[in-house]
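# Per-entry structural report
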Amino acid sequence: AAIETPVKLEDLSLQIGASIGVALAPEHGEDLTALMSHADTAMYEAKAQQSGWQFYRHEHDSNDPRRLELISELRRAIQNRSLDVWYQPRIDLSDRTVVGAEALARWNHERYGFVPPDEFIVLAEGAGLMRDLTDAILERTISDIRRWADYGIKLQIAVKLSTRNLLDDSLSSRVAKMLAKSGVPSDRLSFEITETAIMVDRERVAGLLGEFHDLDITLAIDDYGTGYSSLAYLRELPVDELKIDRSFITNVDFDPHKEVIVRSTIEMAHNLGLVVVAEGIEREEEFAMLASLNCDFAQGNLMSKALPAEQFEHWLAAHGHPPKPPVIDRVTDLCP
Ligand code: C2E
Ligand code: CA
């Protein structure tokens, strides 16, 4: 009741709600960690039910032991900077040159091996770790861009932002600081945002995108076609690129419906001044079809899967990008 009393903020009267989760000792746990995590689960259940409060109940616990363990270890992996970033090259469809890459988070867990990003990103979102995770990915990516620039490799790298990141008002100033500190020009960085994330809070997101745009960071709509937004609305935002979702690209060469959708999306996007990227190209025929439809850039396993930074550098070298100058790491290299 106390929380729900309206708060006056200048001319606005704001009403705040709360959801409460309750765990009892000893039924639901005998130590602080167990009680807190069960109270947390009950809190999420209260939110989902919009019931205000809930007692912990085992049957509602989607926090199976693996999940709980993963969350606490993910937190540690983010803090220790032991998450990895892999890169998937992006090709210019007209001449097959490499123009950039997409940064994809990877987590190699001591016991479980590689945890799929789909899984740990959702965990991070739910556990309030997205800000730190994205900062870690950005730091790593910017330092890789810096290193490649030193080798004379000029690429633009795309980093994904999640819904949570788009509600983080201080993100643009943190990014600006990271770029300034590393001396990486901001046009080497792009952000990918899904339609769904934009729709969560359009006005706020539009403001944040404006800040990125002012920093000269390229903005791309990711997974285009899977949400419900119109291209006309998206165009009101300061976005530069459209990434057509893999589901439309797969078999575009022999599915006439997909061809129509992809063709008209590319035409419309071009008319609105947007660059178009096709993702998930796996076959030469798909590549050829997209080239004939005047799509600008392509990504997919046909060219390369996402690779660890070092392998990506070898891949670049094999595709005509300045190879690494020989580096003498250790004195032992000189005296075998
Ligand atoms: P997404 O944004 O749709 O990313 C593209 C996914 O498709 C990646 O999977 C990529 O490896 C995969 N892919 C690329 N080309 C092909 C292809 O030709 N065929 C097939 N079958 N797959 C292809 P990945 O790396 O497992 O990532 C899955 C999802 O996890 C991503 O989907 C994204 O939603 C999320 N994710 C990954 N890294 C990050 C990150 O750093 N930040 C955020 N916020 N989300 C991330
Ligand atoms: Ca995507």
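So, here is what we can say about the structure in this document.

Rules of the game
- Residues numbered from 1 in each chain as written.
- Chains lettered and ligands numbered in written order.
- Predicted model: local features only at pLDDT ≥ 70, side-chain atom pairs only at ≥ 80, totals over all residues.
- Heavy atoms only, no water.
- Helix = DSSP H or I, 4+ residues; strand = E, 2+ residues; numbered from the N terminus.
- Buried < 20%, exposed > 50% of the residue type's maximum accessible area, 1.4 Å probe, protein only.
- Contact = heavy atoms within 4.5 Å.
- Areas by Shrake-Rupley, 256 points an atom, 1.4 Å probe, with all protein chains shown as cover.
- Lys, Arg positive; Asp, Glu negative; His and termini not counted.
- Charge placed at Lys NZ, Arg CZ, Asp CG, Glu CD.
- Near = heavy atom within 4 Å.
- Polar contact = N/O pair within 3.5 Å; in protein donor to acceptor, adjacent residues only side chain to side chain.
- 1 Å grid on protein atoms, 1.4 Å probe; cavity = no way out; pocket = protein on both sides within 12 Å on 5 of 7 lines; lining within 4 Å.
- Sits in = over half its atoms within 2 Å of the grid points.
- Nonpolar A, V, L, I, M, F, W, Y, C, P; charged D, E, K, R; others polar.

For the rest of this paragraph, the subject is the overall build of the chain. Across its full length, the chain carries 13 helices and 14 strands. The proportion of buried residues among the 336 residues of the chain is 43%. Within the chain, residue pairs in contact and separated by at least 24 positions form 64% of the contacts whose partners lie at least 6 positions apart. Just so you have it, the chain exposes about 18,100 Å², and 54% of that area is on carbon and sulfur atoms. For the chain, the separation between the mean place of its 34 positive charges and that of its 56 negative charges on side chains is 3 Å.

Around ligand 1, the surrounding shell holds 19 residues, and the nearest of these are Arg-106, Asp-118, Lys-160, Glu-282 and Asn-301. Contacts to ligand 1 include Gln-88, whose side-chain N or O atom sits 2.9 Å from a nitrogen atom. In this structure, a nitrogen atom belonging to ligand 1 sits 3.1 Å away from a side-chain N or O atom of Arg-246. Its atoms largely coinciding with the cavity grid, ligand 1 occupies the largest pocket. Going through the elements one at a time, β6 (98–109), α3 (117–126) and β10 (218–224) are the ones with two or more residues in the shell around ligand 1. For the shell around ligand 1, the leading source of residues is β6, giving four residues. The residue makeup of the shell around ligand 1, split by class, is six nonpolar, five polar and eight charged.

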